[in-house]
Amino acid sequence: MILLTNIYKDALIAGIQVKEANLTVSDAFKDEMTALLDKGNKYIIVNFEGVIYVDSSFLGALVSSLKYALANQAEIVVAGLNKDVAGLFQLIRLDKAFKIYPSATEAAERKS
Amino acid sequence: MAVSKKILLVDDNPLVLEMMGRALSKEGFYCMKANSADEAMAILGMERPDIILSDYHMPDVDGFAFRQNLIAMPVYKDIPFMFLTSEGDNELMLKGINLEAVDYILKDTPLPVVVSKINNFLSTVREQHERTLKELSVAAMALNLHSVPQRLPVIKGFEVDFWHKSFQNYPGGDFIDFIKIDERYTFIVLGDVMGKKWGAWYFSFGFLSYIRAAVRICIAEGNFSTKSILQKINAVVYHDPVVNDVLSSLSLLMVDTQGASITYSGAGDLPLLYYNTVDKSLKQIGSSGMLLGLMPDGDFDEQVLKLRIGDRLFIFTDGIIDFEDTNGKKTDYNTFTEAVKPYLGQSFAAFKKSTFLQGKTVAHIDDCSLIHLQKTDQ
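What you see is a predicted model; the values in this text were computed from it and never measured. (Residues numbered from 1 in each chain as written. Chains lettered and ligands numbered in written order. Predicted model: local features only at pLDDT ≥ 70, side-chain atom pairs only at ≥ 80, totals over all residues.)

(A) A look at the overall build of chain B. Within chain B, the regular secondary structure consists of 11 helices and 17 strands. Counting only C-alpha atoms and orienting by the principal axes, one finds that chain B spans roughly 80 × 45 × 35 Å. Across the 378 residues of chain B, 36% fall into the buried class. When contacts within chain B are restricted to residue pairs at least 6 apart in sequence, long-range pairs at least 24 apart make up 64% of them. (Helix = DSSP H or I, 4+ residues; strand = E, 2+ residues; numbered from the N terminus. Buried ≥ 20, exposed ≤ 12 C-beta atoms within 10 Å, placed from the backbone. Contact = placed C-beta atoms within 7 Å.)

And the structure:
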């Protein structure tokens, strides 16, 4: 399992359990995200706390999950990005596609 | 390519773990040790070994149950698995082998033999892998499929060149193209399909076809706007079920030799790096567009840049700014800026030989592509 999930208020927090989010886990991540959306979760917080590196394969899986979420009237936000990863999101304008929160708790609070 | 030797040892006996760990480390293996199936699962969540060597008799979750759990998880199912156990019962051995284990080794087997078995297996996997890779490459060559150009275009008053390295020598998701319309206009294309290896490589041709078609259609209609070309490509990609689940970045530049100008639009790409020869400054040129196919409206913009003799533009994909230090992998745009600075007074050919780019060849972190454009004479 790439994601460790827990419910906080009306949000589902999906914490990434690897330090390097790359090609080797991107397919599994996408499958797990699809399953969470299929279960009817409408607000998923992908928590990057502890992740030090994200490659383009993983970002592709994340963005693809977002497209699936939007088609299912659900929302995916991200939280806990370290400085480098946050910088990358900004550089390639993923900050326009995802709401970014400093922490998963804040992401859940702001939704409420 | 050297055989990767990352092994996960699973045994509830610390003595066996220590002994096997030592013997394998001496043979150049990187050993991860777990004293239970649960601990092994935790390690697997962090790192992927090339092979797992597991005991059968373990409390709570035994070796067979551990193997069955792995088979049920697509992400771990394909990691080669060997049993190393003192259980010599024929029926159990058969059961173990039937669990898609590549071998079942008894613990009284001499250590050098165990090590040789593992080494031989990994070498065979690597050889098979290289053979397949070669066959696929030959097939791709026969089909004349190239995701990077075979020759450089001649653009009057400009010098263009590129450097490309694919991830672990697989054809990958980065693609480069130069579309020369006439003596006045040439388009420069740099894209990165989000993914690696064959899957991404395959889709890069779909994207390239759309881009080439969109450029030609717009030009035929008298439309020389890179922004509207991107809008057209985005609309098609967004609605095409074949590629709409695959995202790609794109830097699209139109070189106008008459106006000595560049028109640039980007889709989820990294900012270009612009070197101004007059004030000797380096500046990022960013665009607003999102990844191709992400949203129905990609929010694209267009910038026009007048280049003077000596001015340079660097266009690149994220592999160029990925690096690895003692704390792990990182992404930092400034590493490229700093690396290129000492070479601004030299040719691009000199930078291609720099330790920075040569280091990318060795590190194999991601597909890496870099295009260099320089304004030369009038």
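More follows now that the structure is in view.
(B) A look at the sheet that holds strand β12 (residues 281-285) of chain B. Residue and element names in this part refer to chain B. Overall, antiparallel pairing links the five strands, which are arranged β6-β17-β14-β11-β12 in an open sheet. A single partner strand is all that each edge strand has here, and the edge strands are β6 (158-165) and β12. Shown here is a sheet whose adjacent strand axes are inclined to one another by a mean of 15°, direction ignored. Against the sheet, helix α9 (residues 333-340) engages β11 (272-276), β12 and β14 (312-316), with an angle of about 30° to β11. (Pairing = 2+ DSSP bridges. Axes fitted to C-alpha atoms, helices over the stretch in contact; angles between N-to-C directions.)

(C) Main features of the environment of Thr277 of chain B. Relative to the helices and strands, Thr277 of chain B resides in the loop between β11 and β12. Those residues in contact with Thr277 of chain B, other than ones at most four positions away along the chain, are Arg308, Gly310 and Asp311 of chain B.

(D) Examining unusual backbone geometry more closely. Notably, Gln73 of chain A is not glycine yet its phi reads approximately 55°, a positive angle. With respect to the helices, strands and loops of the structure, Gln73 of chain A is situated in the loop between α2 (56-71) and β6 (75-79). For Glu100 of chain B, which is not glycine, the phi dihedral falls at a positive 55°. A tally of 14 C-beta atoms within 10 Å means that Glu100 of chain B is categorised as partly exposed.

(E) Summary view of the interface of chain A and chain B. At the interface, 24 residues of chain A touch 29 residues of chain B. Taken together, the elements giving at least two residues each to the side of chain A that touches chain B come down to α1 (23-38), α2 and α3 (83-91) of chain A. The element best represented in the side of chain A that touches chain B is α2 of chain A, accounting for six residues. Here the residues of the side of chain A that touches chain B are counted per class, giving 12 nonpolar, six polar and six charged. (Nonpolar A, V, L, I, M, F, W, Y, C, P; charged D, E, K, R; others polar.)

(F) Just the domain arrangement of chain B, in detail. Domains assigned within chain B are domain 1 (6-140) and domain 2 (145-375). For domain 1 of chain B and domain 2 of chain B, the distance between their C-alpha centres works out to 42 Å. (Domains from an automatic or database assignment.)

(G) Just the nonpolar core, in detail. Ile45 and Val46 of chain A together with Ile188, Leu253 and Ile315 of chain B are the most contacted members of the largest nonpolar core, which totals 103 residues. Looking at this core element by element, the count peaks at 10 residues for helix α7 (residues 197-220) of chain B. The contacts of Val46 of chain A, once residues within four sequence positions are left out, are Ala14, Ile16, Leu62, Ile76 and Val78 of chain A. In terms of nonpolar packing, the next biggest core, distinct from the first, is built from 25 residues, Ala37, Leu44, Phe83 and Leu84 of chain B among them. (Core = buried A, V, L, I, M, F, W, Y, C linked by C-beta atoms within 7 Å.)

(H) Seen up close, the pairing of strand β4 (residues 43-47) of chain A. Residues and elements named next belong to chain A. Buried residues dominate β4, accounting for four of its five residues. Both strand β2 (residues 11-16) and β4 contribute to a ladder of four bridges, which runs parallel. Considered in β4, the bridge of Leu12 is made with Ile44. Bridge analysis of β4 against β6 gives five bridges, and the strand direction is parallel. Residue pairing in the sheet places Asn47 in a bridge with Ala79 of β6.

(I) Representation of the environment of Thr355 of chain B in the model. Inspection of the secondary structure assignment puts Thr355 of chain B in helix α11 (residues 355-363). When the C-alpha positions of Thr355 of chain B and Phe29 of chain B are compared, they lie 28 Å apart, and in sequence the two are 326 residues distant.

(J) Representation of the sheet that holds strand β3 (residues 51-54) of chain B within the structure. All names here are of chain B. Strand order in the open sheet formed by five strands is β2-β1-β3-β4-β5, with parallel pairing between adjacent strands. Only two strands of the sheet have a single partner each, and these edge strands are β2 (30-34) and β5 (103-106). Taking each pair of neighbouring strands and ignoring which way they run, the sheet shows an average axis angle of 20°. The pairing of strand β1 (residues 6-10) with β3 spans four bridges and is classified as parallel. Paired with Ile7 across the strands is Ile51, a residue of β3. Set on the sheet, helix α1 (residues 14-26) makes contact with β1 and β2; between it and β2 the angle comes to about 170°. Packing against the sheet, helix α3 (residues 63-71) makes contact with β1, β3 and β4 (81-85), and its axis sits at approximately 175° to β4.

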